[in-house]
Amino acid sequence: MSRYLLALLFMTGMVSTSGAIDKTPLVGMDVFELRYASSPLISPDGKWIAYTVISADVQTDRFTSSVEMISTDGKQKRVIAESGSGYQSPAWSPNSQSLALSYSKNEKHHLAIYELNRKRPRKVLSTESAARGLVWSRDGTMIAFHAFVKVPVDPIVKRPEAPNGAEWAPAMEAIDKVIYRRDGQGYVKDGNQQVFILEMEPIRLRQLTKQPFDHAGRFQLLQDDSAVILSGQLYEDWEYSPRDSNLYQINVETGIAKQLTKTDGPENEPSLSPDGKRLAYIGFVDDKRSFQPSDLYVMGVNGGAPINLTEGFDRSVSMPRWNHDGSGIYVRYDDHGVGKVGLVPVDAPSKSKVKSLVENVGGTSIGRPYSGGSFSVCTAGIIAYTITSTQSPADVAVFNNGSISQLTTLQSGLTNKKSICTTERFTYKSSFDGRPVDGWIVYPPGYQAEKRYPLILEIHGGPFANYGSRFAMEPQLYASAGYVVLYTNPRGSTGYGEKFTDLLDKNYPQQGDFEDLMSGVDVMIERGVADEDRLYVTGGSGGGILTAWLVCKTNRFKAAVSQKPVINWQTLAFTSDGSVYFSEYWFTGPPWTQPENYSKRSPITFVNQVETPTMLMTGEQDWRTPISEAEQFYQGLRLNQVDSMLVRVPESSHAIAARPSRIMMKVAHVLAWFERYP
C-alpha cells in the first residue's frame, strides 16, 4: 500500500506534549465527520428557519438527514426530527405555526405536521408513495403535493405459473418507452407523478390528476386556492422534447388542466405574486444551442404575453421569490464561481438590472466545489440561505436589512481538530485566445513556497457548470496527501456570460478546452508551485472526457484518472439516458447524419496516441455515461499496450460520491494510481 493511501485511510490525531490537541491533516475516514445544511426555509413571519442537516453515517455508509429549526436571531434551536428519520419536503403553514413534512420508514410513507407547541411531528396519514413538493393553501385548510402512482401494464407475453417448488428464471420485461431508464433511478417504472390534495378538517385525501404525464416540480396555489400551478409536459410525445415544458393551472375541484404558456422552450419554477395577479417563472426561448442561460419572466396569472426581466443580465438565474409588495423578485445566480442572491425590479424602467444582496451561497456539493445551495425569504424581506467558504461546507445564514449573520457552525467538530487546506483564487490567460480563466489552488498542509510540489489538475464536469470558492472534500483530501491541487473554470463554464458558454456550442471537446487547462498548469510551473515532472490529471463526467482528451494530446502528465467519461459520442448517443438531448443539442442530429463530427470529438478516435498511464473509473449502474464508455478506452489502451486499469464501482450510478465511503475510496484509488508513477 502506498504511503499516501495509508495516510489517507488510517492517519489519526496527534496530541502535543503540552496537552493541547494539534490539528492534523484531513484523512479518508473524515468523510464520516461531514455535516452541512441544506434547504433553509424561513417562516412567513420571519421568526424561525427550518433546515435539513445532512450527516454521514459510518454504520450505514449513507448520507442521512435530520430536520432542525433555529430562530432568526440565533438564540433558540430545536431538533424536529433526528438523523435517519427520513423527514423531508418541509413546508410552512401560512400562519407560521405549523410545518408539514413527508417521511418514509420501512418502505412506508407518511405525511406529518410539526406544530410549534409540540416536541415531535404528529402523523396525519399514510400515503402509497413518498409525498413531494408540499405546499399549503392560503387559508391553511389544505396541502397539495405530488406522489408517484403505479399503473399496471399487461405483459406482451403472459408466462405460465411455475409448478410448486420450481425455481424459474425471473420473468422477462418488455420495454416500449422512449426514456426507459434514468441515472440514479434505474429502469423507469410504469406510472406517473400525480397531484394530490390533502384536506385538513376533516382529514381527507384525494388524487387530483390521473393523466399519463408527470405532474411534479414546485407547486403554487392561486390566491383563492381554486387551482394548482405547476410546470410540466402534459402532451403526447413529450419524451422527444427535453426542453419544452409549460406552465399549467390544474383546477382543484375538477383536475382539468389549463395551459398558460406556449413558448418553444422550458418554463419552470412558477412563483405567484403577493396579490395573486402575476406569475413569475424561469425559462428561455429554445434556439437549440448546447447551453442557454435561463431568464426571469413575469406574466398575468391566467396567461398572456410574458415580459423578460433579465434580458440584459448576462447570467443564468433560478429560484424566483417575490418580495412582500410585489415590486421585486429575488433570484439565485452564479458569478465567477460565487453563488449570489439578487433582487430584480419588476416595474422599474431598467428591467435588466439585478441588485446583488447576498454572496457565497452554496456548500451543498460536498465532493467537488460545484455551485449549489438555496435560499428562502419571508414577508419582512429576511433572506435565509446556505452560506459556504473554502474552509467549510454549508451553514445557515440570514440577510436582514443589510446585515449578515451566520446562525450555525455545523462542521466545527471537524474543522476545530483538522487542518483545512488553504485555497487561493487567481486568474490567468488562456494560450488559445488570451481569454481570462479563473483558477483555484488548494495548498497542502505546511506548504513551503520554496518547494515545488506534485500537482493534480482536477477538471469539473458539465461542461456547463462551474467550480468556485467552496469547500469540497475531494480536493481537500488530495491536498492533504501532499499534492497541490489546481481546479479551473475553462471555456463553457457557467457564471461568465453567454459568450463564454457559446464557445462550446456543438464543439466539445476542442483545442480551446485543452489550452485553457494546460495554461493553468503552466502558470503553476512558472510560479514555482508545481513540479513539471510530477503532473497528474483527473476529473469526472465532463471532466472525465477532458481527462481522456488531454492524454490523447499531450504526454506531459505522469498519470491520469478519467472518471465516468464520455469516450465515444456515437455509442453514448445510443446508450445514455440523455440520448434524445445529446443528439439534438450537443450535435445537430443523430450519429448516422454526421459520423465524422461525432468521431472527431471522441477520445476513442485518438486512443492510439496515448502514452500516459490511465485509470478509468465508472459506476456499474451509471446510465448517464455508461461503463461501456470507460471499457472502450480501457481496451483501446490495452491493445496499444499502455499501462491502464479499469475500476468498476458496484451499485453506483453517475453519482459515485453519493455514499460517504465512495468519496474516500474514489480519492484513495486516484492517489494509489498516481503513486505508481512518482
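Note that residues are indexed from 1 along each chain, following the sequence as it is written. Local features in a predicted model are, by the rule used here, given only for residues with pLDDT of at least 70; side-chain atom pairs are given and counted only at 80 or more, and totals for whole chains, interfaces and linings are based on all residues. Where side-chain values are given, they derive from all heavy atoms of the structure, hydrogens and water being excluded.

## With respect to the overall build of the protein
So, point 1. Looking only at helices and strands, one finds 11 helices and 40 strands in the protein.
So, point 2. The quantity called the radius of gyration is restricted to C-alpha atoms. Its globule counterpart is 2.2 Å times the number of residues to the power 0.38. A compact globule built from 678 residues would reach a C-alpha radius of gyration of about 26 Å, and the protein, at 26 Å, matches this within 12%.
So, point 3. Exposure categories follow from relative accessible area, calculated using a 1.4 Å probe and restricted to protein chains: below 20% of the type maximum is buried, above 50% is exposed, and the middle band is partly exposed. Counting every position in the protein, which comprises 678 residues, the buried fraction comes to 58%.
So, point 4. Of the contacts made within the protein by residues no fewer than 6 positions apart, 58% connect residues no fewer than 24 positions apart.
So, point 5. As displayed, the protein has an accessible area near 29,000 Å², and 49% of this comes from carbon and sulfur atoms.
So, point 6. When charges are counted, Lys and Arg contribute as positive and Asp and Glu as negative, whereas His and the chain ends are disregarded. Think of each charge as sitting on NZ of Lys, CZ of Arg, CG of Asp or CD of Glu. Looking at the protein, you have 69 positive and 73 negative side-chain charges, and the mean spots of the two groups are 4 Å apart. Only DSSP runs of H or I reaching four residues or more are called helices, and only runs of E reaching two or more are called strands; each is numbered from the N terminus. Whether two residues are in contact is decided by their heavy atoms, any of which lying within 4.5 Å being enough. Areas reported as accessible are Shrake-Rupley estimates using a 1.4 Å probe. Residue values count occlusion only from the protein chains shown.

## Details of the packing of helix α3 (residues 473-480) against helix α11 (residues 660-675)
So, point 1. Direction vectors running N to C along α3 and α11 enclose 40°, while the axes themselves pass 10 Å from each other. The orientation of α3 with respect to α11, classified from their angle, is oblique. Helix-helix and strand crossings are classified by hand; for α3 and α11 the assignment is right-handed. Contacts from Met473, Glu474, Leu477 and Tyr478 of α3 reach α11 at Ile663, Lys666, Val667, Val670 and Leu671.
So, point 2. Under the convention adopted here, Pro, Cys and the residues Ala, Val, Leu, Ile, Met, Phe, Trp and Tyr are nonpolar, Asp, Glu, Lys and Arg are charged, and Gly plus all remaining residues are polar. Here the contact of α3 with α11 is built from residues that sort into 7 nonpolar, no polar and 2 charged. Here, axes are lines fitted to C-alpha atoms. For helices the fit covers the stretch in contact, and angles between N-to-C directions go from 0 to 180 degrees. Working rule for angles: under 35 degrees goes down as roughly parallel, over 145 as roughly antiparallel, 65 to 115 as roughly perpendicular, anything else as oblique. Note: crossing handedness is left-handed where the near helix turns anticlockwise from the far helix by less than a right angle, and right-handed where it turns clockwise.

## Some points on the confidence of the model for the protein
So, point 1. Per-residue confidence for the protein gives a mean pLDDT of 92, with 96% of residues at or over 70.
So, point 2. For every residue, the pLDDT score states the predictor's confidence, bounded by 0 at the bottom and 100 at the top. Confidence drops under a pLDDT of 50 for residues 1-20, and excluding neighbours within four residues, the segment shows 35 contacts in the predicted structure.

## So, the environment of His146
So, point 1. Tracing the backbone shows His146 in strand β11 (residues 142-150).
So, point 2. Separated by 73 residues in the primary sequence, His146 and Phe219 place their C-alpha atoms 9.0 Å from one another.
So, point 3. In contact with His146, not counting residues within four places along its chain, are Ala130, Ala131, Arg132, Gly133, Gln193, Gln194, Val195, His215, Ala216, Gly217 and Phe219.
So, point 4. The term polar contact refers here to a pair of N or O atoms within 3.5 Å; inside protein, the definition further demands a hydrogen-donor-capable atom paired with an acceptor-capable atom, and it admits residues adjacent in sequence only when both atoms are side-chain atoms. Within polar-contact distance, the side chain of His146 engages the side chain of Gln193 at 3.0 Å.

## Some points on the nonpolar core
So, point 1. Among buried residues, the Ala, Val, Leu, Ile, Met, Phe, Trp, Tyr and Cys ones that are joined through side-chain atoms within 4.5 Å form a nonpolar core. Counting 52 residues, the largest nonpolar core has Leu455, Leu457, Met524, Leu550, Trp569 and Phe633 as the members making the most contacts within it.
So, point 2. When neighbours within four sequence positions are excluded, Leu550 is seen to be in contact with Leu457, Ile459, Phe514, Leu517, Met518, Val537 and Phe557.
So, point 3. If you look at the next biggest cluster of nonpolar residues, it comprises 45 residues, including Phe471, Leu477, Phe500 and Val647.

## Concerning the pattern of salt bridges
So, point 1. Should a side-chain nitrogen of Lys or Arg be within 4 Å of a carboxyl oxygen of Asp or Glu, the pair is scored as a salt bridge. All chains considered together, the criterion is met by 33 salt bridges.
So, point 2. Close ionic contact of Glu115 with Arg122 constitutes a salt bridge, the shortest N to O distance being 2.9 Å.
So, point 3. When its relative accessible area of 32% is taken as the criterion, Arg122 is described as partly exposed.
So, point 4. The partner of Arg206 in a salt bridge is Glu199, with the nearest N and O atoms 3.2 Å apart.
So, point 5. For Arg206, a relative accessible area of 14% puts it in the buried group.
So, point 6. One continuous salt-bridge network, built from bridges that share partners, spans Glu199, Arg204, Arg206 and Glu253.

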